[in-house]
Amino acid sequence: MRFKKELEQLKALYRKGLFSKPYYSHRIKGEQSFSSYEEFIKIPFMDKSSIRETSVMERTGSEMKDIYGFFSSSGTTGNKTFYIYNKNDKRVHEEFVKTFFGELGIDEEDLGGVMAPIGTGVMGHTMLWEFSTVGAGYVNCPDPSPENMINLVDEVPVTVIATRPNVASVIASDPKWREKARASKVKKLVLGGGFLSEERRKLLEDCWGAECYNFFGMSEMFGPMAGECRKKDGLHFLNQYLMIELVDPVTKQPVEPGESGIAVYTSLWEKGFPLLRYWTDDMMQITYEPCDCGSVYPRLRYLGRLADYYKIGSRYVFPEQVENLLFSRGLKYDYKVVRLEDRFVVYSEADGQGISEADKNALQEQFDAIFESKTEVKIVPFGALEYRGFGNRFETKI
């Protein structure tokens, strides 16, 4: 039976009363809902809108003495949504971190540099927790401009940087910054909060003279919930705590093993805010094939958000593929790939000076071939962007 072990765990959690709140109980048919996967998939999906319709305390059975804290989503797609984190969540988070960071050799000898503001959003906090979990010290750079990041690693012996891929990339736009970054003690970048294409990874590793690793998380769970090993061949996740179904975006039914689908998350511990078939629009693939690193954990490959892709026949095309093409043509600094209706718009750095007309034309030809002339790729000046800060770095003006 598919997910047999996970369903047994959920049945035990149900018996403990984890799903007794009305937000959950009206979705399920008692213990029967966990008797088989066929019964389990009858449970309606949770989604962001259903969360916004309830208060933070309507979604938890945790008592105040067991609460670790209240944190929020970034609020980039609407009002911030607050979540409760209990002490069980902190314990499980620490197990995730020790597994991922231990594999990468991050320990008490390291000093973490967190390039992120610390507000109510969970991302910045979990970056700090990651380093303290493995006994490492940390220093925060709440305004991660390139000048501030370089000043920090120039003055303080930071060995590991935690931030978003785009934030770390701005160093590449100035030879003096690149020189200082490579001369620093930084030896690893642990990145999350945005996709990491292979071409951007190459740029970052060259720019910083450091190994670059991809992590994946979300506010509703905690961060990180999946991370790369040294082989950089997919992101491992601890399946004793996290159940991930992949379903077809149209039929909403489970896909066949090995196929890509929308990730539906269910938490498998006494979580402050339990997830029960939570739909997030994350398109991914999962493999249970053994990894060369020796880990027993399965791996996911994050492809992108449902709202960001084009489907051509049976093929999905995501911004990550667009980014790989851009980087192959020399557009290697800070920019954003945006899908607007029937086209991808690519905002380039330095008022469009970073890429030649010949390369622009060559790129358009490549995109025409990929999209079978069904879309347009427009490369416009960096000046068409408005700076919006760490959480939502740029906003279009067109």
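Calculation criteria
- Residue indices begin from 1 for each chain and proceed along its sequence in written order.
- A pLDDT threshold of at least 70 governs which residues receive local features in this predicted model, and a stricter bar of 80 or more applies before side-chain atom pairs are shown or counted, although totals over entire chains, interfaces and linings include all residues.
- In computing side-chain values, all of the structure's heavy atoms are included and hydrogens and water are not.
- Numbering of helices and strands runs from the N terminus; a helix is a DSSP stretch of H or I covering at least four residues, while a strand is a stretch of E covering at least two.
- Summary of the burial criterion: residues with accessible area below 20% of their type's maximum are buried, those above 50% are exposed, and those between are partly exposed, where the area comes from a 1.4 Å probe applied to protein chains only.
- Any two residues whose heavy atoms approach within 4.5 Å at even a single point are treated as in contact.
- Note on areas: Shrake-Rupley, 1.4 Å probe, and residue coverage restricted to the protein chains presented here.
- Throughout, nonpolar core names a set of buried Ala, Val, Leu, Ile, Met, Phe, Trp, Tyr and Cys residues whose side chains join them through atoms within 4.5 Å.
- Salt-bridge detection follows one rule: a side-chain nitrogen of Lys or Arg within 4 Å of a carboxyl oxygen of Asp or Glu.
- Here a cavity is any set of points on a 1 Å grid over the protein atoms alone where a 1.4 Å probe fits but cannot get out, and a pocket is any open set with protein on both sides within 12 Å along at least 5 of 7 lines; a residue lines the site when it has an atom within 4 Å of a point.
- Grid points are joined across faces, edges and corners, and a volume is the space filled by probe spheres set on the points.
- Three classes are used: nonpolar for Ala, Val, Leu, Ile, Met, Phe, Trp, Tyr, Cys and Pro, charged for Asp, Glu, Lys and Arg, and polar for all others, with Gly counted as polar.
- For two strands to pair, DSSP has to find at least two bridges joining them.
- In this analysis, axes come from line fits to C-alpha atoms, helices being fitted only over the stretch in contact, and the angle between any two N-to-C directions falls in the range 0 to 180 degrees.
- Any angle from 65 to 115 degrees is called roughly perpendicular, while one under 35 is roughly parallel, one over 145 is roughly antiparallel, and all others are oblique.
- By convention, the crossing between two helices is left-handed when the near helix turns anticlockwise from the far helix through less than a right angle, and right-handed when the turn is clockwise.
- Each residue carries a pLDDT value, the predictor's own confidence for that position, ranging from 0 to 100.
- We treat Lys and Arg as the positive residues and Asp and Glu as the negative residues; His and chain ends play no part in the count.

Novice: Account for the overall build of the protein chain, with residues named and values stated.
Specialist: Within the protein chain one finds 12 helices and 20 strands. Of all 398 residues assigned to the protein chain, the portion counted as buried reaches 52%. Restricting to contacts in the protein chain with at least 6 residues of sequence separation, those with at least 24 account for 63%. Split by element, the accessible area of the protein chain, about 17,600 Å² in all, is 47% carbon and sulfur.

Novice: Which residues make up the environment of Glu 130, and what values go with them?
Specialist: Among the structural elements, Glu 130 can be located in helix H6 (residues 122-133). The class of Glu 130 is buried, set by a relative accessible area of 8%. A C-alpha to C-alpha distance of 8.2 Å links Glu 130 and Lys 98, two positions 32 residues apart in sequence. Aside from chain neighbours lying at most four places away, what touches Glu 130 is His 93, Val 97, Phe 101, Gly 223 and Pro 224.

Novice: Let's hear about the nonpolar core: which residues, and what values?
Specialist: Residues Ile 244 and Tyr 265 are the most contacted members of the largest nonpolar core, which totals 68 residues. Among the elements that take part in this core, helix H5 (residues 87-104) stands out by supplying six residues, more than any other. The next biggest cluster of nonpolar side chains, apart from the first, holds 27 residues, and it includes Met 149, Leu 152, Leu 191 and Leu 203.

Novice: Provide a residue-level description of the pattern of salt bridges, including the pertinent values.
Specialist: Summed over the entire model, instances satisfying the criterion amount to 19 salt bridges. A single salt-bridge network, built from bridges that share partners, covers Glu 198, Arg 201 and Glu 228.

Novice: How would you explain the layout of surface pockets if you had to name every residue and give the values?
Specialist: Quantified by volume, the second largest pocket comes out at close to 270 Å³. Forming the boundary of the second largest pocket are 16 residues, of which Leu 18, Gly 61, Ser 62, Asn 86 and Glu 270 lie nearest the centre. When its residues are assigned to classes, the lining of the second largest pocket shows three nonpolar, seven polar and six charged.

Novice: Please give an account of the sheet that holds strand S3 (residues 111-114) that cites residues and values.
Specialist: Taking strand neighbours across the sheet as the criterion, the 11 strands line up as S4-S3-S5-S6-S7-S8-S9-S13-S12-S11-S10 in an open arrangement whose pairing is mixed. The sheet is open, and its two borders are formed by strand S4 (137-140) and strand S10 (242-247), each paired with just one other strand. In this structure, strand S8 (residues 222-228) lies alongside strand S9 (residues 235-236), joined through two bridges in antiparallel fashion. Following the sheet pairing, Glu 228 is matched in S9 by Leu 235. Along the sheet, helix H10 (residues 198-208) contacts strand S5 (160-163), strand S6 (188-191), strand S7 (211-218) and S8; its crossing angle with S7, the most-contacted strand, is approximately 125°.

Novice: Lay out the packing of helix H7 (residues 146-155) against helix H9 (residues 175-183) with the relevant residues and their values.
Specialist: Where H7 meets H9, the closest approach of the two axes is 9 Å, and the angle between their N-to-C directions is 30°. With respect to H9, the element H7 is oriented roughly parallel. Taken as a pair, H7 and H9 cross one another with a handedness that is left-handed. Taken together, the residues of H9 that come into contact with H7 (itself represented by Pro 146, Glu 147, Ile 150 and Asp 154) are Trp 177, Lys 180 and Ala 181. Classifying every residue of the contact of H7 with H9 gives four nonpolar, no polar and three charged.

Novice: Provide a residue-level description of the confidence of the model for the protein chain, including the pertinent values.
Specialist: Taken as a whole, the protein chain shows an average pLDDT of 84; of its residues, 79% reach a score of 70 or greater. Taken together, the stretch residues 349-353 has pLDDT below 50 and engages in 12 contacts with residues farther than four places along the chain or on a different chain.

Novice: Could you give an account of unusual backbone geometry, with specific residues and numbers?
Specialist: One can expect most non-glycine residues to show negative phi and most peptide bonds to be in trans. One non-glycine residue, Lys 252, lies in positive phi territory at about 65°. Structurally, the position occupied by Lys 252 is in the loop between S10 and strand S11 (261-267). One non-glycine residue, Arg 277, adopts positive backbone phi at about 60°. Within the secondary structure, Arg 277 is located in the loop between S11 and strand S12 (278-287).

Novice: How would you explain the environment of Leu 204 if you had to name every residue and give the values?
Specialist: Mapped onto the elements, Leu 204 comes out in helix H10. Each C-alpha atom, one on Leu 204 and one on Ile 171, is 8.8 Å from the other, the two residues being 33 residues apart in sequence. When residues no more than four places from it in sequence are discounted, the contact partners of Leu 204 are Pro 165, Ala 168, Ser 169, Leu 189, Leu 191, Leu 196, Gly 209 and Cys 212.

Novice: So what about the environment of Arg 52? Which residues, and what values?
Specialist: Counting through the fold element by element, Arg 52 comes out in helix H4 (residues 48-52). Since its relative accessible area comes to 37%, Arg 52 is described here as partly exposed. The spatial distance from the C-alpha of Arg 52 to the C-alpha of Lys 80 is 9.0 Å, given a sequence separation of 28 residues.

Novice: Can you break down the pairing of strand S2 (residues 82-86) residue by residue, with the values?
Specialist: With four of five residues buried, S2 lies mostly within the body of the structure. Bridge analysis of strand S1 (residues 67-72) against S2 gives five bridges, and the strand direction is antiparallel. What sits directly across from Ile 67, in S2, is Asn 86.

Novice: Provide a residue-level description of the side chain of Glu 6, including the pertinent values.
Specialist: Along the chain, the position of Glu 6 falls in helix H1 (residues 4-15). One buried charged residue, Glu 6, forms no salt bridge at all, with the nearest opposite charge on Lys 5 at 4.9 Å.

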